[in-house]
Amino acid sequence: MSVKTDAKEKLFTLTSQSGESRDVFDEDLDDSTRPLATELSAALEIKNARANKHNEAILEVRTNQILDAYISNQANKLEQALPKKTVVKSSKDEK
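Quick look at the structure, then. In this text the structure is predicted, and so the values were computed from the model without any measurement. (Residues numbered from 1 in each chain as written. Predicted model: local features only at pLDDT ≥ 70, side-chain atom pairs only at ≥ 80, totals over all residues. Heavy atoms only, no water.)

Looking only at helices and strands, one finds three helices and two strands in the protein. The helix and strand sequence of the protein, counted from the amino end, reads β-β-α-α-α. Relative to its full complement of 95 residues, the protein shows a buried share of 6%. Residue pairs in contact within the protein that sit at least 24 positions apart in sequence constitute 27% of those at least 6 positions apart. Accessible area of the protein: about 8700 Å², with a carbon and sulfur share of 54%. (Helix = DSSP H or I, 4+ residues; strand = E, 2+ residues; numbered from the N terminus. Buried < 20%, exposed > 50% of the residue type's maximum accessible area, 1.4 Å probe, protein only. Contact = heavy atoms within 4.5 Å. Areas by Shrake-Rupley, 256 points an atom, 1.4 Å probe, with all protein chains shown as cover.)

So, about the environment of Leu44. Checked against the element boundaries, Leu44 lands in helix 1 (residues 34-49). On the accessibility criterion, Leu44 (27% relative accessible area) is partly exposed.

As a further point, take the pattern of salt bridges. All told, the structure shown has two salt bridges when counted by the stated rule. Between Asp23 and Lys10 there is a salt bridge, with the nearest N and O atoms lying 3.8 Å from each other. Of this pair, Asp23 sits in strand 2 (residues 21-25) while Lys10 sits in strand 1 (residues 10-15); the two residues are 13 residues apart in sequence, bridging distant segments of the chain. Owing to a relative accessible area of 40%, Lys10 belongs among the partly exposed residues under this scheme. Here Arg34 and Asp26 are joined by a salt bridge, their closest N and O atoms 2.7 Å apart. (Salt bridge = Lys/Arg side-chain N within 4 Å of Asp/Glu carboxyl O.)

Here the focus is the nonpolar core. The biggest cluster of nonpolar side chains holds five residues, and these are Leu11, Phe12, Val24, Leu29 and Ala37. Apart from residues no more than four positions distant in its own chain, Leu29 is found in contact with Leu11, Val24, Arg34 and Ala37. (Core = buried A, V, L, I, M, F, W, Y, C linked by side-chain atoms within 4.5 Å.)

Turning our attention to a nonpolar patch on the surface. The grouping of Leu67, Tyr70 and Ile71 at the surface amounts to a nonpolar patch, some 330 Å² of accessible area in total. Looking at the element boundaries, Ile71 is found in helix 2 (residues 51-81). Of the residues examined, Ile71 reaches a relative accessible area of 54% and is grouped as exposed. (Patch = residues over 30% accessible without salt bridge, like charges linked within 9 Å, V, L, I, M, F, W, Y side chains within 5 Å.)

Consecutive side chains of a regular strand alternate in pointing toward one face of the sheet and then the other. In the sheet, strand 1 pairs with strand 2 via five bridges, with the strands oriented antiparallel. Residue pairing for strand 2: Lys10 is matched across the bridge by Phe25. Turn length for the strand 1-strand 2 hairpin, with the two strands adjacent in sequence and antiparallel, is five residues, and the turn residue Gly19 shows positive phi of about 95°. (Pairing = 2+ DSSP bridges.)

Structure follows, in structure tokens:
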């Protein structure tokens, strides 16, 4: 997202909690709202610049979840395939 200098170009779109959208143009801003719009625009630019890192992190987390599930599944299969564990009681255990 970038801030446009032409008053007729959209700066960004706000979406309310109810889902309604409102395009914000430079001509909509005055001295009291311009600083808020500038700060919001800067935060949006930072977020957009970090989108790739965010997506990579999500992919890493999901990959680890899949690997954990695979490891657990394989460990369960191995445990079931191994011969039963035999316990030999000694005379010390009986006392």
